[in-house]
Amino acid sequence: MKVSIIIPIYNEETTIRKLIRSLEPVKEKAEILFVDGGSTDRTLQMIPEGYPVLQGAKGRARQMNLGAKKSSGDVLFFLHCDSELPADAIEQIKAVMGKYRAGCFGIAFHSKNIWMKCCQIISNHRIKDRKVMFGDQGIFIQRKLFFEIGGFPDLPIMEDYQFSLTLKEMGVRPGIAGKRIYTSDRRFARGGRLRVMWKMNRLRAMYRRGVDIEKIADLYRDVR
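What counts, and where the lines are drawn
Residues numbered from 1 in each chain as written. Predicted model: local features only at pLDDT ≥ 70, side-chain atom pairs only at ≥ 80, totals over all residues. Heavy atoms only, no water. Pairing = 2+ DSSP bridges. Helix = DSSP H or I, 4+ residues; strand = E, 2+ residues; numbered from the N terminus. Salt bridge = Lys/Arg side-chain N within 4 Å of Asp/Glu carboxyl O. Buried < 20%, exposed > 50% of the residue type's maximum accessible area, 1.4 Å probe, protein only. Expected span 1.5 Å × (residues − 1). Arc of directions from axis to C-beta. Contact = heavy atoms within 4.5 Å.

A. Structural view of the pairing of strand E8 (residues 175–183). One ladder, built from 2 bridges, connects strand E5 (residues 83–84) with E8; its direction is antiparallel. Bridged to Glu-84 within E8 is Tyr-182. Taken together, the 5 bridges between strand E6 (residues 102–108) and E8 define a ladder with parallel strand orientation. Bridge pairing in E8 links Gly-106 to Arg-180.

B. Structural context of the pattern of salt bridges. Under the defined criterion, the tally for this structure stands at 7 salt bridges. Close ionic contact of Glu-84 with Lys-18 constitutes a salt bridge, the shortest N to O distance being 3.9 Å. Here the residue Glu-84 occupies a position in strand E5, and Lys-18 occupies one in helix H1 (residues 16–23), the gap between them amounting to 66 residues. Taking relative accessible area as the criterion, Lys-18 reaches 42% and is therefore assigned partly exposed. In this structure, Lys-179 engages Asp-88 in a salt bridge whose closest nitrogen and oxygen atoms are separated by 3.2 Å. Here Lys-179 is found in strand E8, whereas its partner Asp-88 is found in the loop between E5 and helix H3 (89–97), with 91 residues between them in sequence. Taking relative accessible area as the criterion, Asp-88 reaches 21% and is therefore assigned partly exposed.

C. Spotlight on helix H4 (residues 114–130). In this model H4 runs 23 Å from its N-terminal to its C-terminal C-alpha over 17 residues, within 8% of the 24 Å that 1.5 Å per residue would give. Where H4 is concerned, the buried positions are Met-116, Cys-119, Gln-120, Ser-123, Asn-124, Arg-126 and Ile-127. Taken down its axis, H4 places every buried residue within 140° of arc, on the same side. H4 presents Ile-114, Ile-121 and Lys-128 as exposed residues on the side facing more than 90 degrees away from its buried surface. Directly beyond the C-terminal end of H4, a positive phi value near 60° is found at Lys-131.

D. Representation of unusual backbone geometry. Look at Asn-11: it is not a glycine, yet its phi comes out positive at around 50°. Looking at the secondary structure, you find Asn-11 in the loop between strand E1 (3–9) and H1. Residue classification places Asn-11 among the buried positions, given a relative accessible area of 16%.

E. A look at the pairing of strand E7 (residues 139–142). Here 4 bridges tie strand E4 (residues 75–78) to E7, and the two strands are oriented antiparallel to one another. Bridge pairing in E7 links Phe-78 to Ile-139. Direction of pairing for E6 relative to E7: antiparallel, over a ladder of 2 bridges. Bridge assignment links Ala-102 to a residue of E7, and that residue is Ile-141.

F. Structural view of the environment of Leu-54. Within the fold, Leu-54 resides in strand E3 (residues 53–55). Between the alpha carbons of Leu-54 and Leu-66 there is a distance of 8.2 Å; along the sequence they are 12 residues apart. Among residues more than four places away in sequence, those in contact with Leu-54 are Phe-34, Val-35, Asp-36, Leu-66, Gly-67 and Lys-70.

See below:
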């Protein structure tokens, strides 16, 4: 079972070093592909030789789909650049994929803020209760199933949410790795943690009601 790690990047000079460090224990166990969306900062210069970098149009869905097409793994693992992997991430993924067709990690934050602890609990419970995975939890999936459903929908936002909803509608139950991914709370810290949590729930509700996706994307705004 070969795992391909696909990492979309765009202006990530503040996070890329920490990610590279967490990739060190897994780089000999998996194919790793970075997919750049036109970075204008020092991100590309900070990626060591030996890590392939693909160039594509900006947009997380487009970047991840490009990486999937160029990859060769039996399992596709989509990883955000502001994440930190456990050292045995590949073993964790393979253990889950021995029983499931798709899955993810639980999420954790280094922050001790009470609202981030609440966000962590809610996010991890959502996987078990509602069978919904988000991109910052590190979604992984059988290659065949990924292309069967057409990859990530070409949306400016909510591509991971819709992807997960599609799997749910198909009856694909996600497995959960035994360890967690640590992810950045940069969006929460900049916007006010409780305010951002409320806003994200509101945006997902708007999406479910069919509000124009461009309007939702404008409300979300890129933090980089």
